[in-house]
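Tertiary structure, described
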Amino acid sequence: MALALRRGAHSRLSLPRGQVMTMPTSTEQCGCPDYGISRRAFLGRLGAVGALAGLTSTGLSTQMAFAAEPYPGDVLVVLSLRGGFDGLNTIVPTGDPRYAEVRPSIGIPQNTLLPLDAMFGLHPAMQPLMPWWEAGTFGAVQAVGMTNQTRSHFEAMEEMERAAPGSSLRSGWLDRTLGLRETGSAFQAVQMGSSLPASAFRGPSPELAMWSINDFELSGAWDLTERQRWTNALIGLHDGAPATVGAPASTTLSALAGAAQMQDAGYVPGAQYPDSDLGRALRDVARVIKADVGLQVAAVDYGDWDMHVDMGTVDAGWLSDKLGELATSMAAFATDLGGRFADVTIVTLTEFGRSLVENGSGGVDHGHGQAVLLLGGGVQGGQVHGPWPTLEDDALSGGDLAGSTDYRQILAEILEKRCQGSQMSTVFPDLTADRLGVVRARG
Amino acid sequence: MTTLTRRRLFGIAAAGAGGLAVTSATGSPAAAAAAGSGADFVPANLNLHLLRRATFGPTPTVLSAITTQGRRAWLERQLAPETIDDSTCDQLVKGRFPRVNWTIPQARDGLEPFSWDLMYDLTAATIARATWSKRQLFEVMVDFWSNHLNVTNPSDRVWDNRQDYDRQVIRTHALGRFEDMLIASATHPAMLLYLNNADSTKDNPNENYGRELLELHTVSVDGGYNEEDMRNSTLVMTGFGVNWNQGTFHYSGREHYRGPVTIMGFTDPNPDADGYGVGIRYLRYLANHRSTAQHIAYKLCQRFVSDAPDPVLVDQLASTYLSGGTAIAPMLRQLFLSVEFSASVGQKVRRPFEDLLATLRILSYGADRKGRHGMQSLVWIADSIGQQPLAWSPPDGYPDVAADWQSAGGTLGRWNTHLSLAAHWWPKELTQPEVRTLLPSRLPKTHGAMVDALAERLVFRTLAPIHKQAVLSFLGRASSDPLSSDSEAVRWRLPYVVALILDSPYHAVR
């Protein structure tokens with residue numbers, strides 16, 4: 001197996017924009033050199049100089065650029081919880097007698113949990129999502145794993161996003177998904193909140209990576225007149241360009257025009273998002289969805305889950321804060337979408353779950369089985385899916401929660417039932433036909 | 001994968017043409033024309049053609065040198081980099097990034113364990129050398145081999161050794177013999193850790209290195225091996241690992257698989273625990289295999305000639321590689337002097353990193369006067385436009401065909417970087433001559449002549465009439481409008497015009 005597809009770019013892990021290099025390594029160290037100037041400073045300077053006002057409606061015809069056939073599926077939002085998300089303290093197997101034994105100090109006490117079913121309870125910080133649980137549009141899958149087990153962040157992320165164990169494919173699963181579709185608008189596939197696309201997008205299909213809608217602008221084009229001036233000049237200069245130069249230029253101008261249209265229109269979200277990177281990124285995804293510019297796939301990173309030390313208690317601390325922000329942001333997103341919620345599916349992924357047994361530092365190390373969260377109009381929510389392998393010794397995998405469901409089965413089902421997906425053997429080679437029933441077929 | 005790439009490329013191109021069919025200010029459909037050829041945008045002059053491919057970007061100085069020396073003599077000097085005095089750049093790197101010369105023990109003494117500092121020093125030093133070294137072809141080949149034998153920098157297992165790998169494996173052999181480079185990589189902890197050979201033992205073989213050695217480093221995926229060969233490739237290399245206490249290369253006979261091995265045409269009874277010699281013989285066999293020759297020749301042609309290289313040239317270079325005992329320089333000589341190379345003007349496109357370097361070079365940027373913040377900022381710029389050098393995370397190196405570099409985010413990043421550099425907004429610490437010096441000291445008399453002069457300085461030719469008109473419209477001027485030192489175009493608007501020209505295919509085409 002070509003296992004060690006490594007991720008060198010730290011940026012995937014250091015989600016918080018502007019934070020320099022918060023990079024958990026597989027050796028539990030965080031190398032966080034304050035190296036020179038941060039990316040935020042760089043972009044900030046560019047942005048400050050080019051502080052732009054509105055966008056031209058007389059410029060590029062976005063209609064023209066977005067002329068592709070309307071896509072009749074859900075917008076898929078992939079939320080990557082990078083660093084290793086602790087599903088065991090989120091979708092808590094409180095009905096499994098071993099849980100309390102192995103996590104005596106960091107385990108979530110049963111009486112604080114939001115009851116889900118006979119086995120599981122939800123961490124109370126996830127309370128903001130309970131209305132969707134009750135409405136049957138928020139659910140989870142427990143004990144999710146992948147074929148190529150590795151406990152290195154880099155290898156696990158690469159392998160998860162390549163999603164083709166046992167094959168020599170080097171592209172990512174979102175790229176292969178897009179490769180089967182008609183080429184759409186510049187906003188067909190967007191990585192929001194980062195300048196670099198996730199490795200799930202790696203491959204020939206284009207995607208648009210942006211920090212935010214408001215940051216996506218051409219320096220120098222500071223008002224409508226200047227924007228028009230630049231647009232016309234860039235169009236003129238690319239007259240007769242080879243396709244390899246002209247096509248990306250054209251996509252870029254389309255994307256700029258679309259972003260500018262959204263900037264001009266402004267955005268008053270239909271919900272209060274947390275003032276955080278995740279909140280801003282999801283708000284912008286909702287904004288793009290509602291702007292009807294052809295979005296089909298959005299990817300958002302939400303990192304800093306590598307909780308080897310001091311993950312905190314049920315009421316306070318690292319995990320509680322992270323889950324609170326996650327739930328609040330997802331709830332705001334669902335509310336903000338309004339009627340569009342029916343046509344959106346959000347799925348969370350993480351490279352691995354945490355170790356079953358707490359360590360001596362009030363944290364958990366790298367484990368295996370993870371929990372996947374699902375939110376969306378078509379989600380079969382209000383339940384925890386997936387066979388529970390139990391926490392008995394002989395049911396564990398390398399001492400940790402086993403993966404009884406291949407994460408690709410969840411993704412494949414979403415693609416098939418909600419996103420007009422076909423040819424799963426191209427997207428996920430050698431995936432079996434098992435499906436859990438995590439989403440309803442689109443009406 | 002290939003068909004997918006094609007389909008997507010043409011799909012994008014079609015969408016692109018649609019997207020550009022936009023009504024311009026003059027009311028005529030602008031840029032709706034069919035896609036053209038890169039050769040229409042770059043000067044046909046073969047000196048410049050060679051400089052675009054064999055350096056990280058032509059400059060007036062280098063153009064003058066190649067014109068004086070002649071193309072062939074210039075090439076010979078570049079192929080013998082030790083004959084070129086590069087002390088200024090050497091001193092710069094030595095003075096500002098002294099740690100990149102550290103050995104592995106020095107790094108382990110001098111760094112916090114698992115620190116990323118030295119790996120980032122290496123990235124910044126790599127950019128500095130690529131920008132300012134006079135041994136340009138050497139630096140281009142360092143980049144080529146760093147991708148061919150990729151060890152992602154930064155990544156967690158090479159914090160103490162990646163700089164040593166850069167020096168001992170890549171730089172030592174970049175214009176030497178591939179066989180030597182391959183053996184150096186196979187006996188270096190950076191590669192052995194990155195591809196898990198250090199974790200591979202006779203009892204628990206890890207196939208990562210054994211497979212990539214065949215698929216990526218030597219014979220390539222179509223090179224004629226099967227899964228059994230691949231398993232044997234893994235077994236024969238067991239024992240090539242690291243001394244875990246010191247982080248240095250260590251051969252462990254205890255971990256080495258013993259017994260007959262067969263990989264393609266290579267066989268060895270491999271009877272002894274001391275299998276180091278068997279491994280080295282295997283590496284030599286692979287390095288000298290015809291499939292490896294074809295693979296390396298193809299990649300060099302893709303790097304320097306076109307995205308879809310002519311098989312005739314590939315065959316010729318492969319033969320040269322084999323007859324020269326895997327020597328690299330003779331292949332390059334043959335490539336750059338070939339008719340196929342001369343006929344390939346305009347067929348390559350700059351990737352983001354090459355665009356950044358060419359921009360710095362054409363704008364005559366210099367390093368920080370003191371310190372290194374400016375050079376470190378270049379790491380972030382390269383990252384933000386999607387190609388931080390050495391940082392590609394899978395083992396196959398950054399893709400080298402234009403179809404893989406179609407991202408709108410990357411394009412916008414490049415455009416904004418052009419303006420940021422032209423206007424010297426960022427990074428401030430790097431030195432740059434006044435932007436006004438890009439124009440002749442005797443100011444051209446008209447705006448049209450000014451656009452001509454600026455284009456000559458930046459892209460070594462005047463723009464085609466329709467493109468020149470686009471720049472004049474940007475300035476809101478007619479070609480014959482008189483130019484004076486008070487004109488907007490030579491005052492505050494000048495950096496914007498410079499950036500605009502750098503945003504065009506005239507600069508994007510390699």
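Predicted model, so just to flag it, every value in this text is computed and none were measured.

Attention now moves to the overall build of chain B. In terms of helices and strands, chain B carries 25 helices and eight strands. For 510 residues, the compact-globule formula gives about 24 Å, and the C-alpha radius of gyration of chain B, at 25 Å, lands near that figure. The proportion of buried residues among the 510 residues of chain B is 56%. Pairs at least 24 residues apart make up 70% of the contacts formed inside chain B by residues separated by at least 6 positions.

Quick look at the overall build of chain A now. A count of helices and strands for chain A gives 12 helices and 12 strands. Within chain A, the fraction of its 443 residues that count as buried is 63%. A sequence separation of at least 24 residues applies to 75% of the contacts in chain A between residues at least 6 apart.

Residue and element names in this part refer to chain B. For the pair helix 16 (residues 311-323) and helix 17 (residues 329-336), interaxial distance at closest approach is 8 Å and the crossing angle is 155°. In terms of orientation, helix 16 and helix 17 fall into the roughly antiparallel class. Viewed along their axes, helix 16 and helix 17 form a crossing whose handedness is right-handed. Residues Gln316, Leu317, Thr320 and Tyr321 of helix 16 pack against Pro330, Met331, Gln334 and Leu335 of helix 17. Here the residues of the contact of helix 16 with helix 17 sort into five nonpolar, three polar and no charged.

To continue, consider the nonpolar core. Among the nonpolar cores identified, the biggest contains 278 residues, and Val372 of chain A together with Val471, Val497 and Ile501 of chain B are the most heavily contacted of them. Mapping this core onto the domain boundaries places at least three of its residues in each of domain 1 (290-342) and domain 2 (436-508) of chain B.

Residues and elements named next belong to chain A. Strand order in the open sheet formed by three strands is 2-4-3, and the pairing between neighbours is antiparallel. Each edge of the open sheet carries a strand with a single partner, namely strand 2 (91-92) and strand 3 (114-115). As paired elements, strand 2 and strand 4 (residues 121-122) share two bridges and run antiparallel to each other. From the neighbouring strand, Ile91 faces strand 4, where its bridge partner is Leu122.

What follows deals with the pairing of strand 3 (residues 240-243) of chain B. Of the strand pairs in this sheet, strand 3 of chain B and strand 4 (residues 248-251) of chain B are connected by four bridges, and their pairing is antiparallel. Paired with Val242 of chain B across the strands is Phe249 of chain B, a residue of strand 4 of chain B.

Bringing the confidence of the model for chain A into the picture now. Chain-level pLDDT for chain A is 85 on average; 84% of the residues reach the 70-or-more range. For residues 1-68 of chain A, every residue scores under 50 in pLDDT, and the model assigns this stretch 215 contacts once sequence neighbours within four places are set aside.

Assignment of secondary structure puts Ala449 of chain B in helix 22 (residues 447-459). Taking the C-alpha atoms as reference, Ala449 of chain B lies 58 Å from Tyr209 of chain B; in sequence the two are 240 residues apart.

A word on the pairing of strand 8 (residues 297-301) of chain A. All names here are of chain A. Burial analysis of strand 8 places five of its five residues in the buried class, which makes it a mostly covered element. Neither face of strand 8 is left uncovered, since the one carrying Val297, Ala299 and Asp301 and the one carrying Ala298 and Val300 both have all their residues buried. As paired elements, strand 1 (residues 75-80) and strand 8 share five bridges and run parallel to each other. In the sheet register, Leu76 faces strand 8, and the bridge partner there is Val297. Direction of pairing for strand 6 (residues 189-192) relative to strand 8: parallel, over a ladder of four bridges. For Val190, the partnering residue across the bridge sits in strand 8 and is Ala298.

All names here are of chain B. When the pLDDT values of chain B are averaged, the result is 92; 93% of them are 70 or greater. For residues 1-33, every residue scores under 50 in pLDDT, and the model assigns this stretch 63 contacts once sequence neighbours within four places are set aside. Here the prediction assigns the complex a pTM of 0.86, and the interface score ipTM is 0.92.

So, about the environment of Glu82 of chain B. All names here are of chain B. Mapped onto the elements of the fold, Glu82 is located in the loop between helix 4 (71-79) and helix 5 (87-96). On the basis of neighbour counts, which here come to 9 C-beta atoms within 10 Å, the residue Glu82 falls in the exposed class. Considering only alpha carbons, one finds Glu82 and Val490, 408 residues apart in sequence, at a separation of 42 Å.

Take the packing of helix 19 (residues 352-362) of chain B against helix 21 (residues 408-422) of chain B next. Residues and elements named next belong to chain B. Relative orientation of the contacting elements helix 19 and helix 21 amounts to 10°, with a least axis distance of 11 Å. Between helix 19 and helix 21, the angle is such that the two are roughly parallel. Across the interface between the two elements, Pro352, Asp355, Leu356, Thr359 and Leu360 of helix 19 pack against Gly410, Arg414, Thr417, His418 and Leu421 of helix 21. For the contact of helix 19 with helix 21, a count of residues per class yields four nonpolar, four polar and two charged.

Moving on: unusual backbone geometry. Across the junction of Asn153 of chain B and Pro154 of chain B, the peptide omega takes the value 0°, indicating a cis bond. Tracing the backbone shows Pro154 of chain B in the loop between helix 8 (136-148) and helix 9 (162-173). Here the residue pair Trp426 of chain B and Pro427 of chain B is connected by a cis peptide bond, since its omega of -5° sits within 30 degrees of zero. Here Pro427 of chain B shows up in the loop between helix 21 and strand 8 (430-431). One non-glycine residue, Gln420 of chain A, lies in the positive phi region at around 55°.

Residue and element names in this part refer to chain B. Here helix 21 contains 15 residues, and its C-alpha end-to-end distance of 21 Å stays within 8% of the 21 Å for a straight helix at 1.5 Å per residue. For helix 21, a buried count of 15 out of 15 residues is recorded, marking the element as mostly surrounded by other parts of the structure. One or two steps after helix 21, the chain reaches His424, where phi turns positive at roughly 55°.

Before going further, it helps to spend a moment on the environment of Leu213 of chain B. Residues and elements named next belong to chain B. With respect to the helices and strands, the residue Leu213 is situated in helix 12 (residues 207-217). Leu213 gets classed as buried once you count the C-beta atoms within 10 Å, which come to 26. Apart from residues lying up to four places away in sequence, Leu213 is in contact with Thr218 and Ser233.

We now examine helix 15 (residues 290-304) of chain B. All names here are of chain B. With 15 residues, helix 15 extends 21 Å between its outermost C-alpha atoms, agreeing within 8% with the 21 Å of an ideal straight helix rising 1.5 Å per residue. Along helix 15, the residues classified as buried are Thr292, Ala293, Gln294, His295, Ile296, Ala297, Leu300, Cys301 and Phe304. The inward-facing, buried residues of helix 15 contact helix 2 (46-54), helix 10 (178-186), helix 14 (276-287), helix 16, helix 17 and helix 18 (339-342).

What counts and what doesn't
Residues numbered from 1 in each chain as written. Chains lettered and ligands numbered in written order. Predicted model: local features only at pLDDT ≥ 70, side-chain atom pairs only at ≥ 80, totals over all residues. Helix = DSSP H or I, 4+ residues; strand = E, 2+ residues; numbered from the N terminus. Rg over C-alpha atoms; globule rule 2.2 N^0.38 Å. Buried ≥ 20, exposed ≤ 12 C-beta atoms within 10 Å, placed from the backbone. Contact = placed C-beta atoms within 7 Å. Axes fitted to C-alpha atoms, helices over the stretch in contact; angles between N-to-C directions. Parallel < 35°, antiparallel > 145°, perpendicular 65-115°, else oblique. Left-handed = near helix turned anticlockwise from the far one by under 90°. Nonpolar A, V, L, I, M, F, W, Y, C, P; charged D, E, K, R; others polar. Core = buried A, V, L, I, M, F, W, Y, C linked by C-beta atoms within 7 Å. Domains from an automatic or database assignment. Pairing = 2+ DSSP bridges. pLDDT = per-residue confidence, 0-100. Expected span 1.5 Å × (residues − 1).

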